[in-house]
Amino acid sequence: MTSRRTTPAKALPDPGGDAFPAADGAGKGLAYLLLAQEVHEFLCMEADLLDERRYDEWLDLLTDDVSYWVPMRRNVQFGHWDKENTRQGRDMNWFDEGKNTLRLRMKQITSGVHWVEEPSPRVSRIISNVHAIRATPSLENPEEVSVKYRILIYRNKLEDSTDIFAGKRDDILRKTDGRWKIRKRTMLLDQSVLLSATMPFVL
């Protein structure tokens, strides 16, 4: 008779090199749960604004110094996670933008003559797995919050053009004049090659 020793599986590191924290709020107290619900409601509301093409209202959810980054993903050997994503500000990325360029993109999309959005596609963004919420200076009085979650984007255009984008977001939200706004967003697509003919206005 032989015995087999098993060891716990290690968490894969995120792009920053840290393991993802546990995804639930067990034992974290009422303040954490209330903040988690507030953050989730904000993210769902933001998704509604984008799905309903209310772009001016969506832009108002961004801080003036917002950073919006969607790197390209590479196929790498096991363990070479530091080479999986293109680098912000140094390599080619799907998006690496601030508020001014996002505003210009919005004007282009809503001009009525931008072929990418003509005719306007139907889009649904699904937010899930909201977790790893950290707040400063405290959970009870948060002024800035970091949060990780998953997003699935379904887009249909014309009769038979359908695209699905899936990935992970890592956001930093800042409270400004009593309202949450997006200070930083990193979106990691789970695709190394995008098979869609066009890219959405925002992922």
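Since the model is a prediction, treat every value here as computed from it, not as a measurement.

Peer 1: Account for the pairing of strand S4 (residues 142-157), naming residues and giving values.
Peer 2: Relative to S4, strand S3 (residues 122-137) runs antiparallel, the two being bridged by twelve bridges. In the sheet register, Arg-125 faces S4, and the bridge partner there is Ile-153. In sequence, S3 turns back onto S4 through a hairpin of four residues. Looking at chain direction, S4 and strand S5 (residues 161-176) are connected through 14 bridges and run antiparallel. Its bridge partner being in S5, Ser-146 is matched across the sheet by Ile-172. Once S4 ends, the chain turns through three residues before running back antiparallel as S5, passing Leu-158 with a positive phi of about 55°.

Peer 1: So what about the environment of Tyr-68? Which residues, and what values?
Peer 2: Assignment of secondary structure puts Tyr-68 in strand S1 (residues 62-71). Taking relative accessible area as the criterion, Tyr-68 reaches 3% and is therefore assigned buried. For the pair Tyr-68 and Val-202, spaced 134 residues apart in sequence, the C-alpha to C-alpha distance is 9.4 Å. Excluding anything up to four places from it in sequence, Tyr-68 contacts Phe-95, Asp-96, Glu-97, Leu-102, Arg-185, Val-202 and Leu-203.

Peer 1: Quick one: what's the story with helix H3 (residues 99-109), residue by residue and with numbers?
Peer 2: For H3, the full list of buried residues reads Lys-99, Leu-102, Met-106 and Ile-109. Viewed end-on, H3 has its buried residues packed into an arc of 85°, placing them on one side of the element. Along H3, exposed side chains directed more than 90 degrees from the buried face belong to Asn-100, Leu-104 and Lys-107. On its buried face, H3 is in contact with helix H2 (55-59), S1 and strand S2 (93-97).

About the thresholds
- Residues numbered from 1 in each chain as written.
- Predicted model: local features only at pLDDT ≥ 70, side-chain atom pairs only at ≥ 80, totals over all residues.
- Heavy atoms only, no water.
- Pairing = 2+ DSSP bridges.
- Helix = DSSP H or I, 4+ residues; strand = E, 2+ residues; numbered from the N terminus.
- Buried < 20%, exposed > 50% of the residue type's maximum accessible area, 1.4 Å probe, protein only.
- Contact = heavy atoms within 4.5 Å.
- Arc of directions from axis to C-beta.

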